[in-house]
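Coordinate analysis (summary)
Each chain, letter by letter, is given below.
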Amino acid sequence: MTYRPVISTQADLERMWRHLMEPLGFGGSSLWFLPVGPDGEVHPAIVQVEDVDLLPPPEEVLAMVAGVASVVDDVAPGARVAFLRSRPGRRGVDADDRAWARELYAAARTVGVALEVVHLATDADVLPLPADAA
C-alpha cells in the first residue's frame, strides 16, 4: 500500500515528516519539499536538494522558492508547499536552522506561495520551525 497522508493539522504534517525521514540519521544537510493540495492530500513526489549546509543569499533562496512554486503549481495547482531541512547531529534547533526557516518564509511571502510549517530533521528528532519562532 502506498503511503498517502492527508494534512489537516500541524500534527498531521509532523507525523508525515517523521514517517518519511525515518530512520533518522543524515550524512549531510538537505532541503526537502513536496506539495500539499488544497484538500490536504500530499502529492506523491518528494524532492530532495542535497548539500545545503550553508544558507545562500536571500536572492538565491527567493529564486529557489519561486522555482519550487512554479513546479508545484504545474503539478498541483493551488497547493501549499511543505519544506523540511535535514542535517546530521543530535542537537536541537540552532541559529542556522532558524535562519533557513526565516528565509523560506520570507521568500514564500514575496513569491505568494503558501507554506506549511517548516520542519527540521536531525539524527535525533523531527521538530517544527514555526514562522513566529524562526
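First, a word on what this report is: a plain description of the structure on this page.

Calculation criteria
Within each chain, residue numbers correspond to sequence positions counted from 1 in written order. Totals for whole chains, interfaces and linings use all residues, but because this is a predicted model, local features are given only for residues with pLDDT of at least 70 and pairs of side-chain atoms are given and counted only at 80 or more. With hydrogens and water set aside, each side-chain value is computed from the structure's full complement of heavy atoms. Salt bridges are counted wherever a side-chain nitrogen of Lys or Arg sits within 4 Å of a carboxyl oxygen of Asp or Glu. Elements are defined by DSSP. Helices are runs of H or I of four residues or more, strands are runs of E of two residues or more, and each kind is numbered from the N terminus. When accessible area is computed with a 1.4 Å probe and restricted to protein chains, residues below 20% of their type maximum are described as buried, those above 50% as exposed, and intermediate ones as partly exposed. Each axis is a line fitted through C-alpha atoms, and for a helix only the stretch in contact is used; angles between axes span 0 to 180 degrees, taken between their N-to-C directions. Note on angle classes: values under 35 degrees are labelled roughly parallel, values over 145 roughly antiparallel, values of 65 to 115 roughly perpendicular, and the remainder oblique. Whether a crossing is left-handed or right-handed is set by the direction in which the near helix is turned from the far one by less than a right angle, anticlockwise for left-handed and clockwise for right-handed. When checking whether two residues touch, look at their non-hydrogen atoms; a contact exists if any pair is within 4.5 Å. Just so you know the grouping, Ala, Val, Leu, Ile, Met, Phe, Trp, Tyr, Cys and Pro go in nonpolar, Asp, Glu, Lys and Arg go in charged, and all remaining residues, Gly too, go in polar. Note on aromatic pairs: the rings of Phe, Tyr and Trp (six-membered ring only in Trp) are paired at centre separations within 6.5 Å, and the planes decide the class, stacked below 30 degrees, edge-to-face beyond 60, tilted for the rest. Expected span of a helix, by definition, is 1.5 Å for each gap between consecutive residues, and there is one gap fewer than residues. We call two N or O atoms a polar contact when they sit within 3.5 Å, provided that within protein one can donate a hydrogen and the other can accept it, with sequence-adjacent residues counted only if both atoms are side-chain atoms.

Here we come to the pattern of salt bridges. Here the structure, examined in full by the defined rule, presents eight salt bridges. With a closest N to O distance of 3.8 Å, Arg4 and Glu41 form a salt bridge. One end of the pair, Arg4, is in the segment before helix 1 (10–21); the other, Glu41, is in the loop between strand 1 (30–36) and strand 2 (47–50), and 37 residues separate them in sequence. Exposure remark for Arg4: the relative accessible area of 45% places this residue in the partly exposed category. With its nearest N and O atoms 2.8 Å apart, the salt bridge here joins Asp97 to Arg85. Highlighted residues: Asp97 in helix 3 (residues 95–111) and Arg85 in strand 3 (residues 80–86), separated in sequence by twelve residues. For the pair Asp97 and Arg85, one class covers both residues: buried. The structure contains a network of salt bridges with shared partners spanning Glu14, Arg18 and Asp125.

A word on the packing of helix 2 (residues 58–75) against helix 3. Packed helices, taken two at a time, are described by the angle between their axes plus the distance between the axes. Relative orientation of the contacting elements helix 2 and helix 3 amounts to 60°, with a least axis distance of 9 Å. On the basis of the axis angle, helix 2 is oblique to helix 3. Once helix 2 is placed against helix 3, the crossing between them reads as right-handed. Two secondary-structure elements touch here, helix 2 through Pro58, Val61, Leu62, Met64, Val65, Ala66 and Ala69 and helix 3 through Glu103, Leu104, Ala107, Ala108, Thr110 and Val111. Here the contact of helix 2 with helix 3 is composed, by residue class, of eleven nonpolar, one polar and one charged.

We now examine the packing of aromatic side chains. Applying the stated criterion across every chain, the model contains one aromatic pair. Ring geometry for Phe33 versus Phe83: centroids 5.9 Å apart, planes at 50°, classification tilted. Of the two residues, Phe33 is situated in strand 1 and Phe83 in strand 3; the sequence distance between them amounts to 50 residues. Residue Phe33 shares its accessibility class with Phe83, and that shared class is buried.

Below, the discussion takes up helix 3. In a regular helix each residue adds 1.5 Å, so 17 residues correspond to 24 Å; helix 3 covers 24 Å between its end C-alpha atoms and thus fits that length. Packing partners of the buried residues in helix 3 comprise strand 1, helix 2, strand 3, strand 4 (118–121) and strand 5 (126–129). One side-chain oxygen of the residue at the start of helix 3 lies 3.0 Å from the amide nitrogen of Asp96, identifying that residue as Asp94. At the C-terminal side of helix 3, Gly112 shows a positive phi close to 85°.

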